[in-house]
Amino acid sequence: MYTNVWYVAGFSKDLTNAPLKVTMLGADLVLFRETDGTARCISNVCPHRGSSLAEGILYKDGTLACPFHGFHFNGHGTCTLIPSRRDHDAQVVAPGIRTDAYATVEKYGLIWVCLGDDPDAASPIFDMPEWDNDEFRFTSNEEIWNADYHTSKFTNLDYVHLPVVHGILFQGNENPIQAPEHHITATEHGFQSVMRVTPAPSEGVWSELRDKDAKVESVLKFFIPGFTLRGQVEIGGIGSGEFNIFYEFTTPIDEHRTMMRHYFLRNYRMEADFDAEHTRRNLQNIHQDKALAEAQRPLIAGTGPNPNGIYTHDEDKLMLAYWGLMEGLRNKGWQIDQEQLVDPARAVRIIPSPNRKANPAGWVYAPMPRIAAGKATVPSVRDLNFVDIDHIKPTRAKDYGKSEPVVPRDAKSKATLEWEAAALARIEKAPGFVQPMIIKNAEAAARANGSNFVTVKLLEELQAKQGGGAAPGSA
Ligand code: FES
Ligand SMILES: [Fe+2]
């Protein structure tokens with residue numbers, strides 16, 4: 001876990017006029033609003049005797065009073081009043097009493113908190129151009145995954161899992177499981193991956209919708225703030241202007257629990273009635289990722305790539321780009337030293353705050369230990385080994401689909417079928433890249449044939465059929 005990162009602490013709509021307890025990076029914190037509505041975040045553990053400030057009372061002067069002896073704390077962590085001695089300044093009654101406070105801003109309907117002592121040095125919160133744009137409709141979701149935050153993040157920083165976990169095949173590929181060529185580049189505060197696919201030659205109406213060699217593009221961006229992943233697919237085909245976009249915000253609750261928040265955006269089917277379906281369709285994939293992450297081991301992931309790990313060329317490069325970024329945070333001395341982290345049942349966990357950096361002496365609780373810059377023991381991404389697969393002659397056919405599982409896969413997309421007739425009517429101008437409906441139909445057809453396994457041949461048959469305008473279920 002890393003300090004000096006802006007994390008999403010919650011949705012703005014959920015912070016009303018009551019304090020809200022949140023756990024992030026293993027530390028207990030409390031969010032509250034001052035009288036003018038300004039959101040604040042301070043440590044939740046009262047420096048007097050350790051009570052939970054979130055159980056206390058918010059006063060109209062914008063201070064939060066501890067539920068035990070009523071000490072008031074403001075949004076900067078300063079103790080402003082000790083009620084039993086209200087005729088004295090709090091700092092005279094209890095010299096030095098204060099709690100840690102963290103830089104907090106609201107943007108894009110989210111409460112962002114910079115958990116660390118140097119918010120000016122942290123990567124700034126990125127722009128979200130779709131926010132305040134009436135052309136886009138947003139839905140959202142938040143849920144806790146019982147998995148480490150790296151593990152959770154990796155379920156989407158990966159192309160090969162799309163066909164394997166979600167059944168979204170790379171249609172233009174001879175082997176639709178193989179990730180198409182993609183280019184990963186560093187951005188100022190993250191990285192991006194651009195994937196270009198030349199779809200399979202189309203027939204019927206499809207061939208009129210794009211040039212034979214036209215490429216389709218998908219962009220995946222990772223931003224350090226919020227550990228945010230942004231994915232964009234032009235769902236109606238390139239040039240259609242119909243976008244499906246998601247933002248995935250990841251906040252470590254502690255070493256093995258992760259808060260996953262999502263925004264799902266669309267600029268097609270704007271009717272409110274479609275929100276529930278749109279969210280459900282996105283969540284279907286997300287819950288496949290969740291099940292995967294929660295079953296992975298170890299429960300608390302390593303803090304860098306395993307030096308003895310297996311890295312399969314292009315397929316693992318997104319993950320390694322991510323580890324490279326983490327290395328950057330570690331090299332700044334911002335990584336919490338997980339080995340030295342105290343058991344929260346025995347000692348208070350405090351994230352170092354700007355106040356603490358400015359005035360290191362006189363704090364009741366010690367800050368979390370961090371790995372000093374240059375003292376890391378994990379290997380650098382640079383030192384990992386790869387097989388140079390491009391220079392090895394293939395010895396096998398790309399025979400995806402020939403071998404069927406003993407027990408057919410569960411009909412994981414069943415819930416989607418009811419939606420298909422309407423969607424297929426729209427998908428006449430479907431892209432060659434990700435064609436979820438074609439795949440879902442292929443799954444349905446496979447099931448009808450007594451199997452749940454989709455073959456390339458079946459996909460081609462369906463594509464030809466639907467390209468010609470006859471969509472199963474829409475007749
Ligand atoms: S424990 Fe908070 S005021 Fe005493
Ligand atoms: Fe996924």
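Cut-offs applied
Residues numbered from 1 in each chain as written. Chains lettered and ligands numbered in written order. Predicted model: local features only at pLDDT ≥ 70, side-chain atom pairs only at ≥ 80, totals over all residues. Helix = DSSP H or I, 4+ residues; strand = E, 2+ residues; numbered from the N terminus. Buried ≥ 20, exposed ≤ 12 C-beta atoms within 10 Å, placed from the backbone. Contact = placed C-beta atoms within 7 Å. Pairing = 2+ DSSP bridges. Axes fitted to C-alpha atoms, helices over the stretch in contact; angles between N-to-C directions. Core = buried A, V, L, I, M, F, W, Y, C linked by C-beta atoms within 7 Å. Domains from an automatic or database assignment. pLDDT = per-residue confidence, 0-100. Expected span 1.5 Å × (residues − 1).

This paragraph deals with the overall build of the chain. A tally of regular secondary structure across the chain gives eleven helices and 17 strands. Split into buried and exposed, the 475 residues of the chain put 40% on the buried side. Taking contacts inside the chain between residues at least 6 apart in sequence as the whole, the part at least 24 apart equals 62%.

With that out of the way, let us pick up the sheet that holds strand 10 (residues 110-115). With antiparallel pairing, the six strands of this open sheet are ordered in space as 1-10-9-4-3-2. A single partner strand is all that each edge strand has here, and the edge strands are strand 1 (5-11) and strand 2 (20-24). Each neighbouring strand pair of the sheet contributes to a mean axis angle of 30°, computed without reference to strand direction. The pairing of strand 3 (residues 27-33) with strand 4 (residues 39-43) spans five bridges and is classified as antiparallel. Each bridged residue has a counterpart across the sheet, and for Phe32 the counterpart in strand 4 is Arg40.

The next point concerns the sheet that holds strand 7 (residues 72-73). Picture the strands of a sheet paired through backbone hydrogen bonds; they go either parallel or antiparallel. Taken in spatial order, the four strands of this open sheet run 5-6-7-8, and their pairing is antiparallel. The open sheet has two edge strands, strand 5 (57-58) and strand 8 (79-81), and neither has a second partner. Here two bridges tie strand 7 to strand 8, and the two strands are oriented antiparallel to one another. Residue pairing for strand 8: Phe73 is matched across the bridge by Cys79.

The next thing to look at is the environment of Gly26. Positionally, Gly26 belongs in the loop between strand 2 and strand 3. We classify Gly26 as buried; it has 20 C-beta atoms within 10 Å. As a C-alpha pair, Gly26 and Asp343 span 317 residues in sequence and 9.8 Å in three-dimensional space. Not counting residues within four places of it along the chain, the set of residues in contact with Gly26 comprises Met1, Asp254, Glu255, Leu341, Pro344 and Arg349.

Quick look at the environment of Pro47 now. On the secondary structure map, Pro47 appears in the loop between strand 4 and strand 5. Along the primary structure Pro47 and Asp100 are separated by 53 residues, whereas in three dimensions their C-alpha atoms are 9.5 Å apart. For Pro47, the contacting residues outside a window of four places in its chain are Ile97, Arg98, Thr99 and Val364.

Attention now moves to the pairing of strand 3. Across a regular strand the side chains alternate sides, sitting on one face of the sheet and then on the other. Of all seven residues making up strand 3, six are buried, and the element is well covered by its neighbours. As judged from the five bridges shared by strand 2 and strand 3, these two strands associate in the antiparallel manner. Within the sheet, the bridge partner assigned to Met24 lies in strand 3 and is Ala27.

This part covers the pairing of strand 10. Here strand 10 lies mainly inside the structure; six of its six residues are buried. Counted between consecutive antiparallel strands, the loop separating strand 9 (residues 101-107) from strand 10 contains two residues, among which Tyr108 sits at a positive phi close to 60°.

Tyr7, Ala9, Leu31, Trp112, Val113 and Leu115 are the most contacted members of the largest nonpolar core, which has 69 residues in total. No other element matches the six residues that strand 10 contributes to this core. Both domains that furnish three or more residues to this core are identified here as domain 1 (5-115) and domain 2 (137-317). The residues touching Tyr7, leaving out its near neighbours within four places in the chain, are Met24, Trp112, Val113, Leu115, Gly226 and Thr251.

This paragraph deals with unusual backbone geometry. Omega for the bond connecting Arg297 with Pro298 falls within 30 degrees of zero, at 0°, which places this linkage in the cis form. Its place among the elements puts Pro298 in the loop between helix 5 (274-295) and helix 6 (317-331). Positive phi values are uncommon outside glycine, yet Leu25 reaches one of about 50°. On the secondary structure map, Leu25 appears in the loop between strand 2 and strand 3. Unusually for a residue other than glycine, Asp132 sits at a positive phi of about 65°. Since 8 C-beta atoms lie within 10 Å of it, Asp132 is described here as exposed.

Take the confidence of the model for the chain next. Should the pLDDT be low somewhere, the predicted coordinates at that spot are not to be read in detail. In the predicted model, the chain carries a mean pLDDT of 83, and 79% of its residues have values of at least 70. Here residues 199-212 scores under 50 on pLDDT; set against residues more than four positions off or in separate chains, the count is 27 contacts. Taken together, the stretch residues 410-434 has pLDDT below 50 and engages in 56 contacts with residues farther than four places along the chain or on a different chain.

Structurally, the α-helix is built with 3.6 residues per turn, so residues lying three or four positions apart point the same way. If you check helix 5, its first and last C-alpha atoms are 32 Å apart, about what 22 residues at 1.5 Å a residue would give, namely 32 Å. Those residues of helix 5 lying buried are His278, Ile286, Asp289, Lys290 and Ala293. Residues of helix 5 that are buried sit in contact with strand 11 (137-145), helix 2 (149-154), helix 3 (161-166) and strand 17 (258-266).

What follows concerns helix 6. The terminal C-alpha atoms of helix 6 lie 21 Å apart, and with 15 residues this matches the ideal 21 Å at 1.5 Å per residue to within 8%. When helix 6 is considered as a whole, its buried residues turn out to be Lys317, Leu318, Tyr322, Trp323, Leu325, Met326, Glu327 and Arg330. Positive phi appears at Gly333, one or two residues downstream of helix 6, with a value of about 80°.

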